[in-house]
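What the coordinates show
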Amino acid sequence: MSRMTPFTHPLLLGFDAMEKTLERMAKANDGYPPYNIERLPGGQDVPERLRITIAVAGFSEDDLDVTTADNQLVIRGRQQEQEKRDFLYRGIAARQFQRVFVLADGMQVREARMRNGLLSIDLVRPEISNVVKKINISVSE
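Residues numbered from 1 in each chain as written. Predicted model: local features only at pLDDT ≥ 70, side-chain atom pairs only at ≥ 80, totals over all residues. Heavy atoms only, no water.

**Observations regarding the pairing of strand E3 (residues 64-69)**
- Alignment of E3 against strand E4 (residues 72-77), held across six bridges, turns out to be antiparallel. Within the sheet, the bridge partner assigned to Thr 67 lies in E4 and is Val 74.
- Here E3 folds back onto E4, and the loop between the two strands holds two residues, one of which, Asp 70, carries a positive phi near 50°. (Pairing = 2+ DSSP bridges. Helix = DSSP H or I, 4+ residues; strand = E, 2+ residues; numbered from the N terminus.)

Right, dumping it as structure tokens:
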């Protein structure tokens with residue numbers, strides 16, 4: 001017996017990839033590092049965009065890697081171990097992380113910049129165009 005999910009409905013054709021994406025999202029992220037997502041209004045020459053801001057205090061830009069693949073934005077952080085130090089108390093760990101965001105089709109990373117321990121990544125929403133396409137019906141006899 002096969003498993004029934006909302007995406008196996010006969011009217012939802014081609015959504016099986018979305019189901020896999022939702023399963024990956026459920027597994028991917030813990031709470032570190034904390035982040036914000038905000039909508040930034042567009043201006044005269046600037047389209048509306050989304051900004052993801054991640055708290056990456058203690059990481060340098062060389063410790064961070066930002067990539068996109070398969071409609072995912074992946075941010076990885078890995079701090080290099082410094083020389084041997086004698087801590088009396090260590091509350092700031094050199095912790096690595098990976099944060100994954102699933103992007104809608106056509107979303108593009110406009111820029112990434114770091115300031116005051118915050119990594120900001122701006123995403124541009126695609127212009128949605130409603131295209132009506134006439135499908136010709138061929139008759140065979």
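**Regarding the pattern of salt bridges**
- Within the structure shown, the criterion is met by six salt bridges.
- The partner of Glu 48 in a salt bridge is Arg 39, and the shortest N-O contact between them spans 4.0 Å.
- The salt bridge partner of Arg 51 is Asp 122, with a shortest N-O separation of 2.6 Å. Residue Arg 51 is found in strand E2 (residues 49-55), and its partner Asp 122 is found in strand E7 (residues 118-124); the two are separated by 71 residues along the sequence.
- Accessibility expressed as a relative area gives 16% for Arg 51, which makes it buried.
- Each member of the salt-bridge network shares a partner with another, and the members are Arg 49, Arg 51, Glu 111, Arg 113 and Asp 122. (Salt bridge = Lys/Arg side-chain N within 4 Å of Asp/Glu carboxyl O. Buried < 20%, exposed > 50% of the residue type's maximum accessible area, 1.4 Å probe, protein only.)

**A short note on the nonpolar core**
- Within the largest apolar cluster, 15 residues are counted, with the highest numbers of intra-cluster contacts made by Val 56, Leu 73, Ile 75 and Leu 123.
- At the level of secondary structure, the elements contributing two or more residues to this core comprise E2, E4, strand E5 (97-102) and E7. (Core = buried A, V, L, I, M, F, W, Y, C linked by side-chain atoms within 4.5 Å.)

**Brief notes about the side chain of Ser 120**
- When you line up the elements, Ser 120 lands in strand E7.
- Residue contacts for Ser 120: discarding those within four places in its chain leaves Arg 51, Ile 52, Thr 53, Glu 111, Ala 112 and Arg 113. (Contact = heavy atoms within 4.5 Å.)

**Thoughts on the sheet that holds strand E6 (residues 108-115)**
- Across the sheet, four strands lie side by side as E1-E2-E7-E6; this open sheet has antiparallel pairing. Lying at the two open borders of the sheet, with one neighbouring strand each, are strand E1 (35-40) and E6. Along the sheet, successive strands turn relative to each other by an average axial angle of 20°, direction set aside.
- As judged from the seven bridges shared by E2 and E7, these two strands associate in the antiparallel manner. (Axes fitted to C-alpha atoms, helices over the stretch in contact; angles between N-to-C directions.)

**A few points about the packing of aromatic side chains**
- Within the structure shown, the criterion is met by three aromatic pairs.
- With centroids separated by 6.0 Å and ring planes inclined at 85°, the aromatic side chains of Tyr 32 and Phe 97 adopt a geometry described as edge-to-face. Of this pair, Tyr 32 sits in the loop between helix H1 (16-28) and E1 while Phe 97 is found in strand E5, placing the two residues 65 residues apart along the sequence.
- Looking at Phe 97, the relative accessible area reads 7%, which means it is buried.
- On the basis of an interplanar angle of 85° and a centroid distance of 5.1 Å, the ring pair of Tyr 35 and Phe 101 is categorised as edge-to-face. Here the residue Tyr 35 occupies a position in strand E1, and Phe 101 occupies one in strand E5, the gap between them amounting to 66 residues.
- Taking relative accessible area as the criterion, Phe 101 reaches 10% and is therefore assigned buried.
- In this structure an aromatic cluster arises from ring pairing among Tyr 32, Phe 59 and Phe 97. (Phe/Tyr/Trp six-rings, centres within 6.5 Å; stacked < 30°, edge-to-face > 60°.)

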